[in-house]
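Chain by chain, the residues:
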Amino acid sequence: MADNTPDISEMTFEAALGALEDVVRRLESGEVPLDESISLYERGEALRQHCQARLDAAQARIEKIVAGADGKPSGTAPFDAAT
């Protein structure tokens, strides 16, 4: 892989998902040499893990919405993200 690839931990969800889609396209093309395919697969797995962590954090934040007595959202509770 090139040394100028962006640091995954700095990527937004959308950027990481786009990069993951690019990795999948390149791997599915069948035109990538074996060694590069392995590197692409490793990067793809790291991108997938990053996207999953971002989705999990978003879900946890959504679940922290506090419901009032009538069942309607009445505010939010603080969320302490570990990611």
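For the structure itself, consult the block above.
Read on for an overview of the structure. (Residues numbered from 1 in each chain as written. Predicted model: local features only at pLDDT ≥ 70, side-chain atom pairs only at ≥ 80, totals over all residues. Heavy atoms only, no water.)

This part is about the overall build of the chain. Scanning the chain from N- to C-terminus turns up two helices and two strands. Going from N to C terminus, the chain has its helices and strands arranged as α-α-β-β. Looking at the chain as a whole, 18% of its 83 residues qualify as buried. Here the contacts in the chain between residues at least 6 apart in sequence split such that 51% fall between residues at least 24 apart. Looking at the chain as shown, the accessible area adds up to about 6,200 Å², and 52% of this sits on carbon and sulfur atoms. (Helix = DSSP H or I, 4+ residues; strand = E, 2+ residues; numbered from the N terminus. Buried < 20%, exposed > 50% of the residue type's maximum accessible area, 1.4 Å probe, protein only. Contact = heavy atoms within 4.5 Å. Areas by Shrake-Rupley, 256 points an atom, 1.4 Å probe, with all protein chains shown as cover.)

Bringing the side chain of Ser-37 into the picture now. Tracing the chain through its elements places Ser-37 in helix H2 (residues 34-63). Sequence-distant contacts of Ser-37, defined by excluding residues within four places in its chain, comprise Leu-27 and Val-32.

This structure, assessed with the given rule, holds two salt bridges. Across the pair Glu-36 and Arg-26 runs a salt bridge whose closest N-O atoms are separated by 2.3 Å. Note that Glu-36 is positioned in helix H2 and Arg-26 in helix H1 (residues 13-29), a separation of ten residues in sequence. (Salt bridge = Lys/Arg side-chain N within 4 Å of Asp/Glu carboxyl O.)

Before going further, it helps to examine H2. Here H2 is 30 residues long and its end C-alpha atoms lie 43 Å apart, about the 44 Å a rise of 1.5 Å per residue gives. Listing the buried residues of H2 in full gives Ser-37, Leu-40, Arg-43, Gly-44, Leu-47, His-50, Cys-51 and Ala-57. Packed against the buried residues of H2 are H1. (Expected span 1.5 Å × (residues − 1).)

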